[in-house]
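Architecture and fold: a report
Listed below, chain by chain, are the residues.
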Protein chains: 2
Amino acid sequence: MYRTHNCGEVRASHQGQEVQLSGWVHKVRDKGFVVWIDLRDRYGITQLVFDQDRSPAEVLEQAKQLGRETVIQVHGEVIERASKNPNIPTGEVEVLVRELKVLNPAELPPFTIEDVTDGGDELRMKYRYLDIRRNPVKEKLLFRHKVAMEVRNYLSAEDFVEVETPYLIKSTPEGARDFVVPSRMNAGQFYALPQSPQTFKQLLMVGGLDKYFQIVKCFRDEDLRADRQPEFTQIDCEMSFVEQEDILQTFEGLTRHLLRTIRGVEVEAFPRMTYDEAIKRYGNDKPDIRFGMEFGELNAVTQHKDFKVFNEAELVVGIAVPGGAQYTRKQIDAWINWVKRPQIGAKGMVYVKCNEDGTYKSSVDKFYTPEDLAQWAEAIGAKAGDLILILSGDAMPVRGQLSALRMAVAEELGLRKADEFAPLWVIDFPLLEWDEESESYHAMHHPFTSPKPGQMELLETDPGAVRANAYDLVLNGNEIGGGSIRIHDQGIQSTMFKHLGFSKEEAEAQFGFLMDAFRYGAPPHGGIAFGLDRLVAILGGQEIIRDYIAFPKNNSGRDVMIDAPAPLDNAQLDELNLKLNPQEVD
Amino acid sequence: MYRTHNCGEVRASHQGQEVQLSGWVHKVRDKGFVVWIDLRDRYGITQLVFDQDRSPAEVLEQAKQLGRETVIQVHGEVIERASKNPNIPTGEVEVLVRELKVLNPAELPPFTIEDVTDGGDELRMKYRYLDIRRNPVKEKLLFRHKVAMEVRNYLSAEDFVEVETPYLIKSTPEGARDFVVPSRMNAGQFYALPQSPQTFKQLLMVGGLDKYFQIVKCFRDEDLRADRQPEFTQIDCEMSFVEQEDILQTFEGLTRHLLRTIRGVEVEAFPRMTYDEAIKRYGNDKPDIRFGMEFGELNAVTQHKDFKVFNEAELVVGIAVPGGAQYTRKQIDAWINWVKRPQIGAKGMVYVKCNEDGTYKSSVDKFYTPEDLAQWAEAIGAKAGDLILILSGDAMPVRGQLSALRMAVAEELGLRKADEFAPLWVIDFPLLEWDEESESYHAMHHPFTSPKPGQMELLETDPGAVRANAYDLVLNGNEIGGGSIRIHDQGIQSTMFKHLGFSKEEAEAQFGFLMDAFRYGAPPHGGIAFGLDRLVAILGGQEIIRDYIAFPKNNSGRDVMIDAPAPLDNAQLDELNLKLNPQEVD
């Protein structure tokens, strides 16, 4: 037996007991006649003491030689500590060591195993197994487990059944790119890894399972943006005989349960906002409503003067920064430069200081009167002491720019509080979105989403105006889940494929099995999928998902620890009936 | 709202209430003036009644037109049933329907949606979503969910943390074949899908997570035998600072918990048997010990006469079939033919009837005296009334043949009882096994398994004799789990790779990251993995795993429902820098 207790377990009540502990040497303090060692494992740290009066001489000598991260096993007596450490649960006692055994020596780690480490990102990824020893990373993995368990507990209690759907499925030409898997037994043919189990969960509804969920890996071979992973985890859910309201209620319940059990937070309201309203008020379909700074549109009150920039703009829109009237010219210029960066792309920014004394100072004073500016302040809801920031131009990009500015300013002002949680349903999403590149409409959610009742006809006349039974759950400015009520009628599904540019043959080849299934009695159904990686991060009060993933890939889709992907040898390629395209590979 | 209650919910206590139900038309009985419909959903069946006195005339007319599997919604009153059905929980009442709405019509399903269906295997697979509507399949999926939840509950309570390891990893040339995944971003390079998360769970131990588990899909591109799937699910577990005994105790706990909560069965003992003993006593490393019929070796008591078959055999071995002395000549011949089938491969079989009157009748009476036969009976433990069946030849194949015979006879005698559970640890497995094809030793479990203490030297002199710290958990004649104590010393791991025929470069290229990890303080660790598909089937009292998988593949690795795998179009291949090998593909 390697241990009688773990390193987070020993207390004053154990005093006088003989214990055996195993763990890592976290820190050694060698005072010559006495050596203290912090012994660490997942559960905590216990102080070991070796001294010349009470420990065997060779054990003391051995202790002096121990390097950090050496794995040892000790046997000794729990004794009261001379100087207690109130910061750790084991801080009242230490273990007087009589026997010491080195279980495995350790070389000097490439970075320090401390809460704040000297290791950079790349190094920490290469030695991820060492990074996981650090409390901040370890705690995030334990936290993720706790969240996943609570998700399963809640949904199981609500009669949801977790069903494993297959990973080796069929490639679809739709949407983001599939990872494919060549089949050896079926030469020249390929499986695809699922981007989501969408069609399978719908088939489970046709199969009568009524309430399905699955915590499941999904795969997307896209160019990776920061904080996006080629493999990611979804909480995938589907229900039968439901309308949108049933789904919103059910997953409000789940979200409340998670906030309560994981964070001890009770959320009162889950407000709802249409997509159009979210775009108008926040420039964004996933607004952070923990703070105000809502958009105020100024076209009506700006276009009567000679300021061409505003007069020619499709949209003039601003926000009020609370207390921002005190900003210096330098601070304001910094924000102007911020919005002009290529990533944001604004051409310029107008500001109005609403001074405490009721006067205004703006960058367009030569065009507008104080009365004009007072009107603007009213339209935006700016109070004395606020700073109004205004962008103008084409509506779509300007809204995005102002939304980014709003978030950045709020971040700087500390308005995005990690321990505050403000959920929001965004509903009535457009069914289709226009794709400039292909000059055609694409399904905004996916091709199985149902249009709002009575809007099928609009599909012919004004496709962009059709709204869908689709909804996103937003938490603190992040989309944590999204879903829709599905089409369950085979005829409507065929029509939808036609509008999405599928030929009859393509639709049949790709989704024939689903349309077949709809022939045999499909119930009305709908669902939602949560991004677990992001949900866990948000619940943890963070927005970077990478540390909540045990072995993440870098921005090139590489696992730098195991060095994957990697070339195959020719024998393996031959077995798969594959050749590399010579001109493409160096 | 589609329903106020589900179809398994309405009871006598609801009498007089207005309810709304949705579900599938399971059965229609049309008596002209009255129509009864069984309305079905996942939760049960509720009887609907339409009659000319109490239902609107057009509703009664509509009900008469409903075909099986039509999805409907009804509104009506719960009333007492004239002839009650005590076999279903809703059997005391029926719903008098006032309103009826067809939610989705249904074509005639290709097989009947009944507990016993007229559909063959292929048809049921093609329309798996309809098969799942059938109780026996649906119940198996619900059962699987329950088992998985109990596994998670138990392990979480024992401080195990579920960690998701990556699916896009690196191909290893070892063992069974990897499925590979071409990378678009890293042209000419491939990921592999994990055959198991083995190295990752070991790295999590190096990372100090102490107790890990994961219910995880694994992939193996092998030629498929019956009841084997290219993707399968493991309960994968690993622990630090453990010896074999700690692991056996922990997973006895898990197994007891599952048998108790899932089946209401208390298992007293988890006997242990060495691999060598299991082979000797049962001819098999996963013996079913619910019944006796142990092997008796007869070389010593058969080789003094002129029966060449026995005299020249490396092994003469038999079993006693309880009560088998009553078998007719025809019955015995059937078993002789059974063992001579090519799948079993025996050349012949000798039998001895141990008659109730103390006499013997055998197929070798001209070689052996009754005293000889009495000796055999004693060696095998046959009693009066038993039938001894004896095979002979080379030890290895004969043991396999007799083991197959033992299982088949026990099956026929009803000794393999579905509601009886007999777990068994088989321990001390050989570290290596000889592979005839490659004429070299392979790791029997995997290359990370540690040899028994003090046996490293044997590796040089007698590799086949080295025993490993490896164990299997056997339940009712099926291996449900297997694992080992791992090597945690970098030097020993290098030596092991050398003995397994890896060059230093190969070992470094494939497992360099693991051996690197061992340099930085790896704790002693070990683990186990359970095959969830099989475990669930065995707990369900069955041995066929396919129905416990929602969407299984057939024996060619195909999903016949979605028709995967399938060819890719050339554009997709180009993007992946791949070409098909022209000579191999037709």
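Residues numbered from 1 in each chain as written. Chains lettered and ligands numbered in written order. Predicted model: local features only at pLDDT ≥ 70, side-chain atom pairs only at ≥ 80, totals over all residues. Heavy atoms only, no water.

Our next topic: the overall build of chain A. For chain A, the count of helices and strands is 17 helices and 23 strands. Along the first, second and third principal axes, the C-alpha set of chain A runs to 90 × 75 × 55 Å. In chain A, which comprises 586 residues, the proportion classed as buried is 58%. Pairs at least 24 apart in sequence give 66% of the contacts found in chain A among residues at least 6 apart. Here chain A has roughly 23600 Å² of accessible surface; of this, 48% comes from carbon and sulfur atoms. The distance from the centre of the 67 positive side-chain charges to the centre of the 92 negative ones in chain A is 4 Å. (Helix = DSSP H or I, 4+ residues; strand = E, 2+ residues; numbered from the N terminus. Buried < 20%, exposed > 50% of the residue type's maximum accessible area, 1.4 Å probe, protein only. Contact = heavy atoms within 4.5 Å. Areas by Shrake-Rupley, 256 points an atom, 1.4 Å probe, with all protein chains shown as cover. Lys, Arg positive; Asp, Glu negative; His and termini not counted. Charge placed at Lys NZ, Arg CZ, Asp CG, Glu CD.)

Attention shifts here to the interface of chain B and chain A. Interface size, as often reported, equals the accessible area lost upon joining of the parts. The interface is formed by 124 residues belonging to chain B together with 124 residues belonging to chain A. Interface area, chain B with chain A, both sides summed: about 11300 Å², of which 59% is carbon and sulfur. When the area that chain B buries against chain A is broken down by residue, the three leading residues are B:Glu164, B:Phe241 and B:Tyr520, summing to 7%. There are 10 salt bridges connecting chain B and chain A. Between A:Arg152 and B:Glu162 there is a salt bridge, with the nearest N and O atoms lying 3.7 Å from each other. The greatest single-element share of the side of chain B that touches chain A, amounting to nine residues, is contributed by helix α4 (residues 135–157) of chain B. Looking at the side of chain B that touches chain A residue by residue, the classes come out as 67 nonpolar, 24 polar and 33 charged. (Buried area = accessible area lost by both parts, 1.4 Å probe. Salt bridge = Lys/Arg side-chain N within 4 Å of Asp/Glu carboxyl O. Nonpolar A, V, L, I, M, F, W, Y, C, P; charged D, E, K, R; others polar.)

Tallied over the entire structure, the rule returns 98 salt bridges over all chains. In this structure, the salt-bridge partner of A:Lys417 is A:Glu420, at a minimum N-O distance of 3.9 Å. Where B:Glu231 meets B:Lys553, a salt bridge forms, and the shortest distance between an N and an O atom there is 2.8 Å. Placement of B:Glu231 in strand β10 (residues 231–240) and of B:Lys553 in the loop between α16 (532–539) and α17 (570–575) is noted, with a sequence separation of 322 residues between them. Since its relative accessible area comes to 6%, B:Glu231 is described here as buried. Where salt bridges share partners, they join A:Asp121, A:Arg124, A:Arg128, A:Asp131, A:Arg134, A:Arg546 and A:Asp547 into one cluster.

Another aspect to go through is empty space enclosed by the protein. A complete count under the given rule lists nine cavities of 30 Å³ or more for this structure. The volume enclosed by the largest cavity comes to roughly 380 Å³. Forming the boundary of the largest cavity are 27 residues, of which A:Arg152, A:Ile215, B:Arg152, B:Glu162 and B:Ile215 lie nearest the centre. Counted by class, the lining of the largest cavity contains 11 nonpolar, six polar and 10 charged residues. The computed volume of the second largest cavity comes to approximately 150 Å³. Lining the second largest cavity we find 18 residues, and of these A:Lys217, A:Ile549, A:Ala550, A:Phe551 and B:Glu164 sit closest to its centre. (1 Å grid on protein atoms, 1.4 Å probe; cavity = no way out; pocket = protein on both sides within 12 Å on 5 of 7 lines; lining within 4 Å. Points joined across faces, edges and corners; volume = space filled by probe spheres on them.)

What follows deals with the side chain of A:Asn476. Residue and element names in this part refer to chain A. Checked against the element boundaries, asparagine 476 lands in the loop between β20 (470–475) and β21 (478–485). The class for asparagine 476 is buried, based on a relative accessible area of 3%. A polar side-chain atom of asparagine 476 sits 2.9 Å from the main-chain carbonyl oxygen of glutamate 420. For asparagine 476, the residues in contact, after removing those within four places along its chain, are Asp288, Arg290, Arg416, Glu420, Phe421, Ala422, Ile538 and Glu543. (Polar contact = N/O pair within 3.5 Å; in protein donor to acceptor, adjacent residues only side chain to side chain.)

Residue and element names in this part refer to chain B. Spatially, β12-β13-β16-β14-β15 is the arrangement adopted by the five strands of the open sheet, whose pairing is antiparallel. Among the strands making up the open sheet, the edge pair consists of β12 (296–297) and β15 (360–362). Where strand β13 (residues 315–321) meets strand β16 (residues 387–393), seven bridges bridge the pair, whose relative direction is antiparallel. Note that in β16 the partner of valine 321 across the bridge is leucine 387. (Pairing = 2+ DSSP bridges.)

Moving on, we get to the pairing of strand β2 (residues 34–41) of chain A. All names here are of chain A. Most of β2 is tucked away: seven of the eight residues are buried. What sits between the antiparallel neighbours strand β1 (residues 18–30) and β2 is a turn of three residues, in which glycine 32 has the positive phi angle 90 degrees. Bridging between β2 and strand β3 (residues 44–51) involves eight bridges; their strand directions are antiparallel. If you follow leucine 39 over to β3, its bridge partner there is threonine 46. Count of turn residues in the β2/β3 antiparallel hairpin: two residues.

A few words on the packing of helix α5 (residues 198–206) of chain A against helix α15 (residues 504–519) of chain A. Two quantities define a packed helix pair, namely the angle between the axes and the distance from one axis to the other. All names here are of chain A. Interaxial distance between α5 and α15 falls to 10 Å at its minimum, and their mutual angle equals 20 degrees. Considering the angle they form, α5 stands roughly parallel to α15. The two elements α5 and α15 meet at a crossing, and its hand is left-handed. Across the interface between the two elements, Thr199, Gln202, Leu203 and Val206 from α5 touch Phe511, Phe513, Leu514, Ala517 and Phe518 from α15. (Axes fitted to C-alpha atoms, helices over the stretch in contact; angles between N-to-C directions. Parallel < 35°, antiparallel > 145°, perpendicular 65-115°, else oblique. Left-handed = near helix turned anticlockwise from the far one by under 90°.)

So, on to the domain arrangement of chain A. Here the domain parsing of chain A yields domain 1 (12–104), domain 2 (140–272 + 424–548) and domain 3 (291–415). Put simply, the middle of domain 1 of chain A and the middle of domain 2 of chain A, counted by C-alpha atoms, are 52 Å apart. (Domains from an automatic or database assignment.)

This next bit is on unusual backbone geometry. Geometrically, the link from A:Ala564 to A:Pro565 is a cis peptide bond, its omega value of 0 degrees lying close to zero. Structurally, A:Pro565 is set in the loop between α16 (532–539) and α17 (570–575). Here the phi dihedral of B:Phe241 falls at roughly 55 degrees; this positive angle occurs in a residue that is not glycine. Mapped onto the elements, B:Phe241 comes out in the loop between β10 and α6 (244–263). Under the relative-accessibility criterion, B:Phe241 is labelled buried at 2%. Of note in this structure, B:Glu439 is not a glycine but carries a positive phi near 50 degrees. By the element assignment, B:Glu439 lies in the loop between β18 (432–435) and β19 (440–443).

All names here are of chain B. At a minimum axis distance of 11 Å, the contact between helix α10 (residues 329–340) and helix α12 (residues 395–412) shows a crossing angle of 140 degrees. When the axes of α10 and α12 are compared, the pair comes out oblique. The two elements α10 and α12 meet at a crossing, and its hand is right-handed. The segment α10 lies against α12, with Trp335, Trp338 and Val339 engaging Ala404, Leu405, Ala408, Val409 and Glu412. A breakdown of the residues in the contact of α10 with α12 according to their chemical character gives seven nonpolar, no polar and one charged.

Residue and element names in this part refer to chain A. Spatial ordering of the open sheet is given by β6-β9-β10-β22-β21-β20-β17-β11, a layout of eight strands whose pairing is mixed. Pairing within the sheet leaves two strands with one partner each, and these edge strands are β6 (161–162) and β11 (272–274). Two strands pair when backbone bridges link them, and strand β10 (residues 231–240) and strand β22 (residues 525–531) are joined in this way by seven bridges, in the antiparallel orientation. Looking across to β22, one finds that glutamate 238 is bridged to glycine 527. Lying on the sheet, helix α7 (residues 275–282) is in contact with β11 and β17 (423–427); it crosses β11 at an angle near 90 degrees.

Another point: the UniProt feature "binding site: L-aspartate" (unreviewed entry) in chain A. Residue and element names in this part refer to chain A. Within this structure's numbering, the places UniProt gives as "binding site: L-aspartate" (unreviewed entry) are Glu174, Arg220, His445 and Arg486. Mapped onto the secondary structure, arginine 220 falls in the loop between β9 (211–219) and β10. The class for arginine 220 is partly exposed, based on a relative accessible area of 23%. Checked against the element boundaries, arginine 486 lands in the loop between β21 and α14 (490–499). The exposure class assigned to arginine 486 is buried, which follows from its relative accessible area of 2%. In terms of polar contacts, arginine 486 uses its side chain to reach the side chain of glutamate 238, at 2.7 Å. (UniProt positions renumbered as here; feature names shortened; annotations may be inferred.)

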